[in-house]
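Residue-level structure breakdown
One-letter residues, chain by chain:
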Amino acid sequence: MQGLTRFRVLWGIHKSFHGFHPAPRHLHYQSLSAPGTTRWNDQDTPEEFNFASDVIDYWTQIEKEGKRGPNPALWWVNNQGDEVKWSFRELTDLTCRTANVLTQTCDLQQGDHLALILPRVPEWWLVCLGCIRTGIIFIPGTTQMKVKDILYRLQVSNAKSIVTTDALASEVDSVASNCPALKIKLLVSDHSRKGWMDFRSLIKSASPEHTCIKSKTKDPMVIYFTSGTTSLPKMAKHNHGFAFRFSLPSSRKFLQLKAADVLWCLSDPGWIMAAIGSLFTPWTAGSTVFIHHLPQFDPKVIIQTFFKYPITQYLAAPSVFRMILQENFTSLRFPTLEHCSTGGEALMPEEQEKWRQQTGLLLYQGYGQSETGLACGTFRGMKIKPGSMGKAIPPFEVQIIDSKGNILPPNTEGTIGIRIKPTKPFGLFMCYENDPVKTAEVECGDFYNSGDNATIDEEGYIWFLGRDDDIINASGYRIGPVEVENSLAEHPAVAESAVVSSPDPVRGQVVKAFIVLTPQFLSHDPDQLTKELQEHVKSVTAPYKYPRKVEFVPELPKTVTGKIKRSELRQKEFGLM
Ligand SMILES: Nc1ncnc2c1ncn2[C@@H]1O[C@H](COP(=O)(O)OP(=O)(O)OP(=O)(O)O)[C@@H](O)[C@H]1O
């Protein structure tokens, strides 16, 4: 049975679409920002914007007029051979049904908080858009969370509702009595569960007639929990302007997607990268969002997927590219893949080079945070400087600033700042929810202070050095962990490493490297390997940066989003844990 038909039969949904007459507003907005503009004036801000009505329903209309190609809006597959293909028309229909389930059946109102903890299942996209249609603020989270992570998020967010699957339902039930705000539990499953509403059957019987709210661009839309790499995760709240930003030519220039493109973004749905790469960017361009359910990252499955489906663009964290590279292919030529991008953590220049050698494709890097979305990046076709995160993406003006918010000259180490005065640009978070103190703390003069250390060169390329807290001060030298980790990555023994400062009775602090070895080096003599790695670092970078201490570990501590927790390693070194 064909995927789409199968899905319709599964859900009992018939092809009845109501008439939509959306104005193709989002394309008009392109004229509001010229590429290269670095400042956005508030008077250009559209008063109202809603991604569901202004973008999704626009493409639905284009489809109805027969002006869009046959590729689906969403193409979902799993390892069991199941497949879902939805057109924009179906997406409009299903997300209107979702909106009705949320507001009518669940009695949720505009401004209520909904925790959305789903794996890569099609319902994730339905709930996001259903929330956008209704003004319910959705709070994505990763399914890798444990009970205490879920409890923390439900409590601090005051979520009134949660949408999740069987895998986490019992965890939610075990903490629900400690979450007084939580009233509605929606289960995405083929089975029913006591105390939970059945999302799939509710959708079937819901009406596809729904009038989208007229959201103000400055109305809240989504809250992202930060990864918690440095402290407890914070709640970065974004408005509809975050979604609007993707309609600007400057944002569209980043991947240069066309309606015929098929974009595969591997990000966990709980991370802001998923909203960027598998929701707002592709659908603004009318492209296909391709999703592989992938409960675990298996590089072999990822590679097979490129050969099986006509994927043209690929976006994943550096660690995913790293896994594929570790398969050591001499030559991988993907039949339809044209463009690859990465971000979210440091990318080693040699990984970029290895990717080019093995696949013949360039690897473009971007940088962002839960607070900022994509702040800078290497636009498609722009010269790549290996190791650099590219240039500021308008309307963000990115500068390297000192602790008072003064702009520093090129090639001077400082903090990445995004201009917020006189005007805060679209796409930058509104605030940390319920935390005016933390919100005020990240304001630094006329800038938002990212807390990341970097330099900018004469051409405007930004070079990541490390988080402020991770910078090592050894014998008067300031050392960014990424530089040392980059050097270590060039050695075949190193699968992964984390570099932190460690106390030393003579020098105060020294550089220490925690190293996960590649399988072929596990049996090597550790002392000899330590010396070899130290010599290697001295030979490829300034010798003062070499790790005086080395510890081989089976794995590195990571956040639920897979980021290395250097702060945890550092605290252990200083006896603080
Ligand atoms: N291209 C990149 N290169 C290096 N680091 C990156 C890149 N992109 C993102 N990062 C890192 O990821 C961080 C953003 O991650 P995220 O918003 O998920 O939360 P977090 O900052 O890790 O969590 P917390 O603020 O709770 O400690 C950036 O501040 C930066 O340190």
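Residues numbered from 1 in each chain as written. Predicted model: local features only at pLDDT ≥ 70, side-chain atom pairs only at ≥ 80, totals over all residues. Heavy atoms only, no water.

To be explicit about the condition: UniProt positions are given in the numbering used here, feature names are shortened, and annotations may be inferred rather than shown by experiment.
Under an unreviewed UniProt entry, the name given to the protein chain is medium-chain acyl-CoA ligase, and the organism recorded is Molossus molossus. Its UniProt record gives the protein chain a comment under Catalytic activity (unreviewed entry), which states: "a medium-chain fatty acid + ATP + CoA = a medium-chain fatty acyl-CoA + AMP + diphosphate". What UniProt states about the protein chain under its Subcellular location (unreviewed entry) heading is, verbatim, "Mitochondrion".

**Brief notes about the sheet that holds strand 1 (residues 74-77)**
Sheet strands pair via backbone hydrogen bonds, and the direction of the pair is either parallel or antiparallel. Let me state the cut-off plainly: For two strands to pair, DSSP has to find at least two bridges joining them. Secondary structure elements are taken from DSSP: a helix is a run of H or I of four residues or more, a strand is a run of E of two residues or more, and numbering for both begins at the N terminus.
Overall, mixed pairing links the 9 strands, which are arranged 2-1-11-10-12-13-14-15-16 in an open sheet. Edge strands, defined here as strands with exactly one partner in the open sheet, are strand 2 (83-86) and strand 16 (391-392). Taken together, the 4 bridges between strand 13 (residues 339-343) and strand 14 (residues 363-369) define a ladder with parallel strand orientation. From the neighbouring strand, Thr 342 faces strand 14, where its bridge partner is Gln 365.

**Topic: the domain arrangement of the protein chain**
As a reminder of what qualifies: A domain assignment, automatic or from a database, supplies the domain bounds used here. Whether two residues are in contact is decided by their heavy atoms: any pair within 4.5 Å suffices. The rule for a salt bridge is simple: a side-chain nitrogen of Lys or Arg has to be within 4 Å of a carboxyl oxygen of Asp or Glu. Pairing of N or O atoms within 3.5 Å defines a polar contact, subject to two protein rules: one partner must be a possible hydrogen donor and the other a possible acceptor, and residues neighboring in sequence count only if both atoms are side-chain atoms. Just so you know the grouping, Ala, Val, Leu, Ile, Met, Phe, Trp, Tyr, Cys and Pro go in nonpolar, Asp, Glu, Lys and Arg go in charged, and all remaining residues, Gly too, go in polar.
In terms of domains, the protein chain is made up of domain 1 (51-64 + 83-242) and domain 2 (472-574). Computed from C-alpha atoms alone, the centre-to-centre distance between domain 1 and domain 2 is 41 Å. Counting residues at the interface gives 9 residues for domain 1 and 7 residues for domain 2. One can count 0 salt bridges joining domain 1 with domain 2. For the pair domain 1 and domain 2, the interface holds 0 residue pairs in polar contact (both at pLDDT 80 or more). Taken together, the residues of the side of domain 1 that touches domain 2 break down into 1 nonpolar, 6 polar and 2 charged.

**Side note on the site of the ligand**
Keep this limit in mind: Whether a residue is near a molecule or strand is decided by its heavy atoms; if any one of them lies within 4 Å of it, the residue is near. Methods summary: accessible areas were calculated by the Shrake-Rupley approach with a probe of 1.4 Å, and residue burial reflects only the protein chains presented.
Lining the immediate surroundings of the ligand are 21 residues, of which Ser 227, Thr 229, Thr 230, Asp 452 and Lys 563 lie closest. With respect to the ligand, the backbone of Gly 344 contributes an N or O atom lying 3.1 Å from a nitrogen atom. Between a nitrogen atom of the ligand and a side-chain N or O atom of Gln 365, the distance comes to 2.9 Å. Protein chains shield 96% of the accessible area of the ligand, which is 640 Å² for the free molecule. In terms of residue count, the dominant contributor to the shell around the ligand is strand 14 (5 residues). Among the residues forming the shell around the ligand, the class breakdown is 5 nonpolar, 11 polar and 5 charged.

**So, unusual backbone geometry**
Cis geometry marks the peptide bond from Pro 394 to Pro 395; its omega dihedral reads 10°. Along the chain, Pro 395 falls in the loop between strand 16 and strand 17 (398-401). The step from Lys 421 to Pro 422 runs through a cis peptide bond, and the omega angle for that step is 10°. Position of Pro 422 among the secondary structure elements: in the loop between strand 18 (414-419) and strand 19 (431-432). Backbone geometry at Asn 411 places phi at a positive 60°, although glycine is not the residue there. If you check the backbone angles, Asn 434 has positive phi at about 55° while not being a glycine. Relative to the helices and strands, Asn 434 is located in the loop between strand 19 and helix 15 (436-441).

**Considerations on the packing of helix 3 (residues 51-64) against helix 4 (residues 88-105)**
The condition is simple: Here, axes are lines fitted to C-alpha atoms. For helices the fit covers the stretch in contact, and angles between N-to-C directions go from 0 to 180 degrees. Put simply, angles under 35 degrees are roughly parallel, angles over 145 are roughly antiparallel, angles from 65 to 115 are roughly perpendicular, and the rest are oblique. Here is the rule for handedness: rotate from the far helix to the near one, and if that takes an anticlockwise turn smaller than a right angle the crossing is left-handed, while a clockwise turn gives right-handed.
Taken N-terminus to C-terminus, the directions of helix 3 and helix 4 make an angle of 135°; their axes are 8 Å apart at the nearest point. Taken together, the axis directions place helix 3 and helix 4 in an arrangement best described as oblique. At the point where helix 3 passes helix 4, the crossing takes the left-handed sense. Of the residues in helix 4, those in contact with Ile 56, Asp 57, Trp 59, Thr 60, Glu 63 and Lys 64 of helix 3 are Phe 88, Arg 89, Leu 91 and Thr 92. When its residues are assigned to classes, the contact of helix 3 with helix 4 shows 4 nonpolar, 2 polar and 4 charged.

**Quick word on the side chain of Asp 452**
Stated formally: Remark: exposure states derive from per-residue accessible area (1.4 Å probe, protein chains only) relative to the maximum for the residue type, with buried under 20%, exposed over 50%, and partly exposed in between. His is not counted here, nor are the chain ends, while Lys and Arg score as positive and Asp and Glu score as negative.
When you line up the elements, Asp 452 lands in strand 21 (residues 447-456). One buried charged residue, Asp 452, remains without a salt bridge, the closest side chain of opposite sign being Arg 467 at 4.6 Å. Not counting chain neighbours up to four residues away, the residues in contact with Asp 452 comprise Tyr 367, Gln 369, Gly 414, Thr 415, Ile 416, Phe 464, Gly 466, Arg 467 and Asp 468.

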